[in-house]
Amino acid sequence: MCGILGYIGDRQATTVLLDGLRRLEYRGYDSSGMVVCAGGSFDLRRSVGKLSNLETLLQKKPLKGHVGLGHTRWATHGVPSEANAHPHADASGDIVVVHNGIIENYLSLKKALINKGFNFRSETDTEVAAHLVSSYWKALAKKNPKTKRDNFIKAVQLALKEIKGTYALGILCSSVPDLVIGARRDCPLIVGLGKGENFLASDVPAILSYTKEVIFLEEGDLVLLEKNRVVCLDENGKEIKRPTTQILWDPVQAEKAGYKHFMHKEIHEQPRAVEDTLMGRLHAKSGEIDLSETQISAQEARKISQIRFIGCGTSWHAGLVGSYLIEKYTGIPCVVDIASEFRYRDPLLKPNTLVVAISQSGETADTLAAVRLAKMKGAKTLTIANVVGSSLTREAHGTLLTHCGPEIGVASTKAFTGQLIVIYLLTLYLARLRKSVPRDQLMLLGQQLAHVSQWITETLKCEKVIVPIAKSYFRHGHFLFLGRNLNYPIALEGALKLKEISYIFAEGYPAGEMKHGPIALIDESMPLLAIVTQSQVYDKMLSNIEEARSRGADVIALATKGDNVIRDKAAHVIYVPNVPEDLSPLINVIPLQILAYHVAVLRGCDVDQPRNLAKSVTVE
Ligand code: AGP
């Protein structure tokens, strides 16, 4: 989704803004722009396509000044074009805005503003915000021409009262050049606190190389940024102290660190992401788990009548794996919902239901709405998220963070393994509180979990086997992924990874379901990736592979080291370490991520920013 950056200080604003926007590229965008305020007037530049186009434009027509706003736009209203790119200014050049979100009542606001004589120059919903603030600014200036700063703040507050929908906004007024105003409702916005300079941004990586002191704004907040001062106002306009968070991420962590793509780097960061997520929660030697941060008491755990996992895309797949584990180890019935379905089907939530929302970004609009609905229906809610201070972590009653560091590639990899780790921890913790698994077995499961990072490190070595396989198949137009039981969601995840970054049509299926329809698709042109690692359904998987093979399918098998039987049944075999069956999803997903990555690279695709996709889906 759109990325916002604001700067006020002594540096050249364009340098900071370009640098920050580059670090927000992962959010997905189709145009960009920036405005700089100097000498009591604005100058802005906008361009379609990649940020390099804006950079070239700025080289030809530089902007100079120390206060400014930058923006990367992911089109929602109006095609990607120079006119629709942000910033948007009012006709007189008094007010300029950048915006992330959707102004739902923009049509009625636009009509009213046109009637008042305002001319619109874009198709965007955002432009109404510029004119609306401007209309109040002008009215207030007539009454009190001397109180410019107060008039500007008041004009923004009055305009926001009229705006319905979601927004993160950055606003400047040419007559008040020493003030940047930010505002948020249902879209992320943070403040970076510097020395003699301050920043406004959609996300932490944008400002990490300048400061690690961050304020996560709350819903309805307005923030006033000056060079040496930051003031937060709540939705009633009352000055309020928001806590400062010290971000521990290393700025280098948010860079590519020698890899060609963020996705590749993030795949290889998984052992570390797993260790960091387990840290302080699992005692490796004893296998003891402490997840008291959930604030679920033993009494509450015993009362839980149902668990509902909610998420979208990859996060939904993590929930699917979770449902097998929860039912097996805790005895609690578990249902998994796609958030965008859950929110519109008036779900039945029994008393004492625990709703667990899963989201890398913590900002996914559908998941957020689903959690709000669950709360309204009286459920206790828990968020599993990777981004500290994100909307979902604030909306739910409790939060379990995955400590994976920033995930920049649009295709989720390390966040998925982090989510699975938290789900395993939650499962074993609930099992302990409910006494549904004997203690010695629980300890053993905990000890096995402590080994996962090593097993992933070992699995990553299979990359050298996967590269030639990718070379054999990257020209294919379709792909099938089969798995069963716990590895059915991994087949879904493998297919999603491949389709989103390589644009190859891919389908994930529970292998037992093949003969109920999809087997009709099988012929020699259909590559079939079968997850056939050691498990209770190993023999079943072998039979499913035979059925497909006898119809001409070209099988790539993902198997356990030492399995020689599979060699005769598959064209290619990718071996992974022998791990306990219930932990196999954490291992089996790795080769599928690597395969998707290399296929996409061979096809010349934009791996980190695939077409039409955004990292953080903050609109419905
Ligand atoms: C993952 O590779 C996808 N890009 C996408 O499905 C993603 O998982 C989904 O949009 C949910 O995002 P979230 O985890 O940030 O909520």
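All of the points below concern the structure found in this document. What you are looking at is a predicted structure, and each value in this text was computed from that prediction instead of being measured.

## Looking at the overall build of the chain
- Tallying secondary structure elements over the chain gives 19 helices and 25 strands in all.
- On C-alpha atoms alone, the chain measures out to a radius of gyration of 26 Å, which is about the 25 Å that the 2.2 N^0.38 rule sets for 620 residues.
- Judged by the C-alpha coordinates and their principal axes, the chain covers about 85 × 55 × 45 Å.
- With 620 residues in all, the chain has 61% of them scored as buried.

## Here we look at the sheet that holds strand E22 (residues 505-510)
- Taken in spatial order, the 5 strands of this open sheet run E22-E21-E23-E24-E25, and their pairing is parallel. Edge positions in the open sheet fall to E22 and strand E25 (572-576), since each of these has one partner strand only. Ignoring which end each strand starts from, the neighbouring axes of this sheet average 20 degrees apart.
- Relative to E22, strand E21 (residues 478-483) runs parallel, the two sharing 6 bridges. Within E22, the residue paired with His478 across the bridge is Phe505.

## Points about the nonpolar core
- The biggest cluster of nonpolar side chains holds 88 residues, and the ones touching the most others in it are Ile307, Phe309, Leu430, Leu449, Val452 and Phe481.
- Among the elements that make up this core, the one with the highest residue count is helix H13 (residues 414-434) (13 residues).
- Discounting residues that sit within four places of it in the chain, Leu449 has contacts with Leu278, Leu282, Ile421, Tyr424, Leu425, Leu428 and Leu583.

## Thoughts on the packing of helix H17 (residues 488-502) against helix H19 (residues 584-602)
- At a minimum axis separation of 9 Å, H17 and H19 run at an interaxial angle of 20 degrees. Judged by the angle between their axes, H17 and H19 are roughly parallel. At the point where H17 passes H19, the crossing takes the right-handed sense. For the pair formed by H17 and H19, the contact residues are Ile490, Glu493, Gly494, Lys497, Leu498, Ile501 and Ser502 on the first element and Pro585, Asn588, Val589, Leu592, Ala596, Tyr597, Val599 and Ala600 on the second.
- Partitioned by chemical class, the residues of the contact of H17 with H19 number 10 nonpolar, 3 polar and 2 charged.

## Considering the site of the ligand
- Taken together, 15 residues form the shell around the ligand, and within it Ser315, Ser359, Gln360, Thr364 and Glu500 come nearest.
- Between the ligand and Ser359 there is a distance of 2.6 Å, counted from an oxygen atom to a side-chain nitrogen or oxygen.
- Between the ligand and Ser412, the relevant distance is 2.8 Å, taken from an oxygen atom to a main-chain nitrogen or oxygen of the residue.
- When the ligand sits alone it has 410 Å² of accessible area, and the protein chains cover 90% of it.
- Residue assignment for the shell around the ligand shows that the elements contributing at least two residues are helix H9 (313-330) and H17.
- When its residues are assigned to classes, the shell around the ligand shows 5 nonpolar, 8 polar and 2 charged.

## Here's the deal with the packing of aromatic side chains
- Scanning the model with the defined rule gives 4 aromatic pairs in all.
- Summarising the aromatic geometry, the rings of Phe199 and Tyr210 are spaced 5.3 Å apart at their centres and angled 25 degrees between planes, so their arrangement reads as stacked. Separated by 11 residues along the polypeptide, Phe199 in strand E10 (residues 198-201) and Tyr210 in the loop between E10 and strand E11 (213-216) bring together distant segments of the chain. In this structure, Phe199 and Tyr210 share a single accessibility class: buried.

## Digging into the side chain of Thr393
- With respect to the helices and strands, Thr393 occurs in helix H12 (residues 391-395).
- Take Thr393: its relative accessible area is 14%, and that puts it in the buried class.
- Setting aside residues no more than four positions away along its own chain, Thr393 makes contact with Thr383, Ala385, Val387, Thr399 and Leu401.

## Things to note about unusual backbone geometry
- The omega angle of the peptide bond from His86 to Pro87 is 0 degrees, so this bond is cis rather than trans.
- With respect to the secondary-structure elements, Pro87 resides in the loop between strand E4 (67-73) and strand E5 (88-89).
- Even without being glycine, Gln295 reaches a positive phi, approximately 55 degrees.
- By the secondary structure assignment, Gln295 is in the loop between helix H7 (270-278) and helix H8 (298-303).
- Overall, the relative accessible area of 63% leaves Gln295 in the exposed class.
- Even without glycine at this site, Asn612 takes up a positive phi of about 65 degrees.
- Inspection of the secondary structure assignment puts Asn612 in the segment after H19.

## Concerning the sheet that holds strand E14 (residues 239-240)
- Pairing is antiparallel in the open sheet, where 7 strands are placed in the order E5-E6-E7-E8-E12-E13-E14. The open sheet has two free edges, formed respectively by E5 and E14, since each of these has just one partner strand.
- By the bridge criterion, 9 bridges tie strand E6 (residues 95-103) to strand E7 (residues 165-173) in an arrangement that is antiparallel. Its bridge partner being in E7, Ile95 is matched across the sheet by Cys173.

## Topic: helix H5 (residues 148-162)
- The end-to-end C-alpha separation of H5 is 21 Å, in line with the 21 Å expected for 15 residues at 1.5 Å each.
- Of all the positions in H5, only Asn151, Phe152, Ile153, Ala155, Val156, Ala159 and Leu160 are classed as buried.
- Check the buried side of H5 and you find it contacts E6, helix H4 (127-143), E7, strand E8 (180-185), strand E12 (222-226) and strand E13 (229-233).

## So, the pairing of strand E24 (residues 554-560)
- Across the 7 residues that make up E24, a large majority, 6, are buried.
- Where strand E23 (residues 527-531) meets E24, 5 bridges bridge the pair, whose relative direction is parallel. Counterpart to Pro527 in the pairing with E24 is Asp554.
- With helix H18 (residues 538-549) bridging E23 and the parallel E24, this β-α-β connection has right-handed handedness.
- Relative to E25, E24 runs parallel, the two sharing 5 bridges. Pairing of Ala559 across the sheet is with Tyr575, part of E25.

## Here's the deal with the pattern of salt bridges
- For the coordinates displayed, the defined rule picks out 37 salt bridges.
- Residue Lys615 pairs with Glu407 through a salt bridge whose shortest N-O separation is 2.6 Å. Here Glu407 lies in the loop between strand E20 (398-401) and H13 and Lys615 lies in the segment after H19, a separation of 208 residues in the sequence. Like Glu407, Lys615 is buried.
- A single network of salt bridges, built from pairs that share partners, joins Asp186, Arg372, Lys375 and Glu395.

Cut-offs applied
Residues numbered from 1 in each chain as written. Predicted model: local features only at pLDDT ≥ 70, side-chain atom pairs only at ≥ 80, totals over all residues. Heavy atoms only, no water. Helix = DSSP H or I, 4+ residues; strand = E, 2+ residues; numbered from the N terminus. Rg over C-alpha atoms; globule rule 2.2 N^0.38 Å. Buried < 20%, exposed > 50% of the residue type's maximum accessible area, 1.4 Å probe, protein only. Pairing = 2+ DSSP bridges. Axes fitted to C-alpha atoms, helices over the stretch in contact; angles between N-to-C directions. Core = buried A, V, L, I, M, F, W, Y, C linked by side-chain atoms within 4.5 Å. Contact = heavy atoms within 4.5 Å. Parallel < 35°, antiparallel > 145°, perpendicular 65-115°, else oblique. Left-handed = near helix turned anticlockwise from the far one by under 90°. Nonpolar A, V, L, I, M, F, W, Y, C, P; charged D, E, K, R; others polar. Near = heavy atom within 4 Å. Polar contact = N/O pair within 3.5 Å; in protein donor to acceptor, adjacent residues only side chain to side chain. Areas by Shrake-Rupley, 256 points an atom, 1.4 Å probe, with all protein chains shown as cover. Phe/Tyr/Trp six-rings, centres within 6.5 Å; stacked < 30°, edge-to-face > 60°. Expected span 1.5 Å × (residues − 1). Right-handed = clockwise from strand over helix to strand, strands pointing away. Salt bridge = Lys/Arg side-chain N within 4 Å of Asp/Glu carboxyl O.

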